[in-house]
Amino acid sequence: MAGGPAAPRPHPERLHRAHYSYWAPLRSRIGDVDSNQHVNFIALATWYDEAVAAFTLDSIETTAGNPVPDLPPRSYRIRYLGEVTYPGDYEVALTVRSVDTGSVHNELGVFRGNTCGMSRHADGGSRPAVV
């Protein structure tokens, strides 16, 4: 969000793999990068959305033929801790921070091996409260 407050520095535990309970593997694609060979913001947001959707589907045990829940993000706060580049194999890590009526608050990170390159706090509304 332009002109909004900067994302706070992540708590130190968010930089460690042990903080997270769910992992979604991914590989950066050439179409994900900008002219500096860094994965661009839109691609990163998509990676996070896919990890949240995969976690939700796994948590509610959705099977083929059942409706997929609507997962609209309400806000993102992203803190860039390092470069995410192409080519590369990464994992998006997720843990549920809290659940409110009608919303889930997730903490996510992008890891390459044991190194966290990006941290995100995501607030989502109007989606099932799944833990």
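Residues numbered from 1 in each chain as written. Predicted model: local features only at pLDDT ≥ 70, side-chain atom pairs only at ≥ 80, totals over all residues. Heavy atoms only, no water.

With that out of the way, let us pick up the nonpolar core. Ranked by size, the top nonpolar core spans 21 residues in total, and within it V39, W47, V84, V92, L94, L108 and V110 carry the most contacts. Elements represented by at least two residues in this core include exactly β1 (22–27), α1 (41–60), β3 (89–100) and β4 (103–112). Residue contributions to this core peak at seven residues, all from α1. In this structure, V39 is in contact with S28, D32, V33, L44, W47, V84 and T85, ignoring residues within four places of it in sequence. (Core = buried A, V, L, I, M, F, W, Y, C linked by side-chain atoms within 4.5 Å. Buried < 20%, exposed > 50% of the residue type's maximum accessible area, 1.4 Å probe, protein only. Helix = DSSP H or I, 4+ residues; strand = E, 2+ residues; numbered from the N terminus. Contact = heavy atoms within 4.5 Å.)

What follows is about unusual backbone geometry. The amide bond that connects Y86 to the next residue, P87, takes the cis arrangement and shows omega of -10°. Structurally, P87 can be placed in the loop between β2 (73–80) and β3. Although it is not a glycine, Q37 adopts a positive phi angle of roughly 65°. Along the chain, Q37 turns up in the loop between β1 and α1. A relative accessible area of 38% means that Q37 is categorised as partly exposed.

Take the environment of V39 next. Among the structural elements, V39 can be located in the loop between β1 and α1. Taking the C-alpha atoms as reference, V39 lies 9.9 Å from G88; in sequence the two are 49 residues apart.

Tracing the backbone through its elements, the reader meets T56 in helix α1. A distance of 2.9 Å separates the side chain of T56 from the backbone oxygen of V52, its partner in a polar contact. (Polar contact = N/O pair within 3.5 Å; in protein donor to acceptor, adjacent residues only side chain to side chain.)

Along its 20 residues, α1 runs 29 Å from first to last C-alpha, staying within 8% of the 28 Å computed at 1.5 Å per residue. Buried within α1 we find A43, L44, A45, W47, Y48, A51, V52, A53, F55 and T56. One side-chain oxygen at the N-terminal end of α1 lies 3.1 Å from the backbone nitrogen of I42; it belongs to N40. (Expected span 1.5 Å × (residues − 1).)

So, about the confidence of the model for the chain. In this model, the chain carries a mean pLDDT of 76, and residues with pLDDT of at least 70 account for 72%. No element of the chain has a lower mean pLDDT than strand β5 (residues 115–125), at 63, and none a higher one than β1, at 92. (pLDDT = per-residue confidence, 0-100.)

Going through the model one piece at a time under the given rule, you end up with three salt bridges. A salt bridge links E91 to R17; the shortest N-O distance between them is 2.9 Å. Residue E91 is found in strand β3, and its partner R17 is found in the segment before β1; the two are separated by 74 residues along the sequence. The partly exposed category is assigned to E91, whose relative accessible area is 22%. Relative accessible area serves as the criterion here: at 25%, R17 is assigned to the partly exposed category. When the shortest N-O distance is used, the salt bridge between D89 and R27 registers 2.5 Å. Here the residue D89 occupies a position in strand β3, and R27 occupies one in strand β1, the gap between them amounting to 62 residues. On the basis of relative accessibility, which here comes to 57%, the residue R27 falls in the exposed class. (Salt bridge = Lys/Arg side-chain N within 4 Å of Asp/Glu carboxyl O.)

A few words now on the packing of aromatic side chains. Applying the stated criterion across every chain, the model contains five aromatic pairs. Here the aromatic rings of Y22 and F55 are separated by 5.4 Å at their centres, their planes lie at 70°, and the arrangement is edge-to-face. Highlighted residues: Y22 in strand β1 and F55 in helix α1, separated in sequence by 33 residues. As far as burial versus exposure is concerned, Y22 and F55 are alike and both buried. A ring pair is formed by W23 and F111, whose centres lie 5.3 Å apart and whose planes are at 65°; its orientation type is edge-to-face. Of the two residues, W23 sits in strand β1 while F111 sits in strand β4, which places them 88 residues apart along the sequence. W23 gets classed as partly exposed once you look at its relative accessible area, which sits at 24%. These aromatic residues form a ring-pair network of at least three members: Y20, W23 and F111. We note R17 situated over the ring of W23; from NZ or CZ to the ring centre the distance is 4.1 Å. (Phe/Tyr/Trp six-rings, centres within 6.5 Å; stacked < 30°, edge-to-face > 60°. Lys NZ or Arg CZ within 6 Å of the ring centre and 35° of its normal.)

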